[in-house]
Amino acid sequence: MRCGYIKAKNLREIDGFKSSGQYDKLYVDLIDSQGKTKDKELMRLFAEASKGDTLVIKNFDSACNSSSELCSFLETCKEKGLLLASGDEVEAERLLLDEGYEILRFVTDFVQAKDKVKVKKLGRPQLSYPDNFWQVYLKFRQYEGTGIKSHQASEELGININTFYKLVREFEL
């Protein structure tokens, strides 16, 4: 089976990845305005994937936010026996060789040593997507027959309707 995975900020990024159509099932983790995600769909993908399945990603930027995440991602792919393909159809089996992985581990250690000091952003707290926003959004946009209305969507997400509309606007930019 070919599984597609992307971390996306908005619908445009997802649609761009969907147009490649080189996967059987798509997993999407939404990134909040601070650039963070809980990676629940990635964990679900790893739980459902079997040895020999192919994981299709747009590029490593769309799957990992840091070098330590990249190492963890590649290690999990290696442990699960997944083949890795980017949007360019470059098989990543070469990247999963032990020598390449060790070099990546050295780079990660270096980056972590340099990034000891974190800068905290000041200002208003930013909106973040609720856990099941993507699934509820799809039902909301398919309202015409089988979907749900905006007030039902906001109730399902546990947020007020104004916040729901703000998230939809931000997501559809």
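Every chain begins its residue count from 1, and numbering advances along the sequence as written. Given that this is a predicted model, residues contribute local features only at a pLDDT of at least 70 and side-chain atom pairs are listed and counted only at 80 or more, while totals for whole chains, interfaces and linings are drawn from all residues. Side-chain figures throughout are based on the complete set of non-hydrogen atoms in the structure, without hydrogens or water.

1. Let's talk about the layout of surface pockets
Put simply, the rule is: Put plainly, a pocket is an open set of points on a 1 Å grid over the protein atoms alone with protein on both sides within 12 Å along at least five of seven lines, a cavity is a set where a 1.4 Å probe fits but cannot get out, and a lining residue has an atom within 4 Å of a point. Grid points are joined across faces, edges and corners, and a volume is the space filled by probe spheres set on the points. Numbering of helices and strands runs from the N terminus, with a helix taken as a DSSP run of H or I at least four residues long and a strand as a DSSP run of E at least two residues long. Polarity classes work like this: nonpolar for Ala, Val, Leu, Ile, Met, Phe, Trp, Tyr, Cys and Pro, charged for Asp, Glu, Lys and Arg, and polar for all others, with Gly in that last group.
By volume, the second largest pocket amounts to about 280 Å³. Lining the second largest pocket are 18 residues, and of these Leu30, Thr37, Tyr129, Pro130 and Asp131 sit closest to its centre. Taken together, the elements giving at least two residues each to the lining of the second largest pocket come down to β2 (25-30), α2 (40-48) and α5 (133-141). Looking at the lining of the second largest pocket, its residues break down into six nonpolar, four polar and eight charged.

2. Description of the state of the cysteines
As used in these notes, a disulfide is a covalent bond between sulfur atoms, one from each of two cysteines. What counts, and what does not: Pairs of cysteine sulfur atoms within 2.5 Å are identified as disulfides in what follows. Partly exposed describes any residue whose relative accessible area lies between the buried limit of under 20% and the exposed limit of over 50%, with all areas from a 1.4 Å probe on protein chains only and scaled to the type maximum.
Tallied over the full model, the rule gives zero disulfides. Cysteine cysteine 77 remains unbridged, with the sulfur of cysteine 64 as its closest cysteine sulfur at 8.2 Å. Of the residues examined, cysteine 77 reaches a relative accessible area of 1% and is grouped as buried.

3. A closer look at the packing of α5 against helix α7 (residues 161-171)
Threshold: Axis definition: a line fit to C-alpha positions, over the contact stretch in the case of helices; interaxial angles, taken between N-to-C directions, run 0 to 180 degrees. Oblique is the label for any angle not under 35 degrees, not over 145, and not in the 65 to 115 range, which are roughly parallel, roughly antiparallel and roughly perpendicular in turn. Should any heavy atoms of two residues lie within 4.5 Å, those residues are counted as being in contact.
Between α5 and α7, the least distance of the axes is 12 Å, while the angle of their chain directions is 90°. Relative to α7, the element α5 is oriented roughly perpendicular. Note on element contacts: α7 touches α5 through Phe164, Leu167, Val168 and Phe171, opposite Phe133, Trp134, Tyr137, Phe140 and Arg141. Taken together, the residues that form the contact of α5 with α7 break down as eight nonpolar, no polar and one charged.

4. Quick word on the sheet that holds strand β4 (residues 83-85)
Stated precisely, the cut-off is as follows: Think of it this way: DSSP has to see at least two bridges between two strands before they count as a pair.
Pairing in this open sheet of four strands is parallel, and the strands run β2-β1-β3-β4 from one edge to the other. With one partner strand each, in any of the chains shown, β2 and β4 form the two edges of the open sheet. Across the sheet, the mean angle from the axis of one strand to that of its neighbour is 25°, orientation sign disregarded. Here strand β1 (residues 2-8) pairs with β2 via six bridges, running parallel. Bridge pairing in β2 places glycine 4 opposite leucine 26. Contacts from helix α1 (residues 11-18) reach β1, β2 and β3 (54-57), with the element oriented near 155° to β1. Across the face of the sheet, α2 comes into contact with β1, β2 and β3 while running at roughly 150° to β2.

5. Digging into the packing of aromatic side chains
Applicable threshold: Here a pair means two rings of Phe, Tyr or Trp (six-membered ring of Trp) with centres within 6.5 Å. Their orientation is stacked below 30 degrees between planes, edge-to-face above 60, and tilted elsewhere.
By the definition in use, this model includes 12 aromatic pairs. Taken together, a centroid distance of 5.5 Å and an interplanar angle of 5° make the contact between phenylalanine 17 and tyrosine 23 stacked. Both residues of the pair, phenylalanine 17 and tyrosine 23, belong to the buried class. The interplanar angle of 90° and the centroid separation of 5.0 Å between the aromatic rings of phenylalanine 140 and phenylalanine 164 together place this pair among those described as edge-to-face. You can see phenylalanine 140 sitting in helix α5 and its partner phenylalanine 164 sitting in helix α7, a full 24 residues away along the chain. There is no split in this pair, since phenylalanine 140 and phenylalanine 164 are both buried. In textbook terms, an aromatic cluster arises when at least three aromatic residues are bridged by ring pairs, as seen for Tyr129, Phe133, Trp134, Tyr137, Phe140, Phe164, Tyr165 and Phe171.

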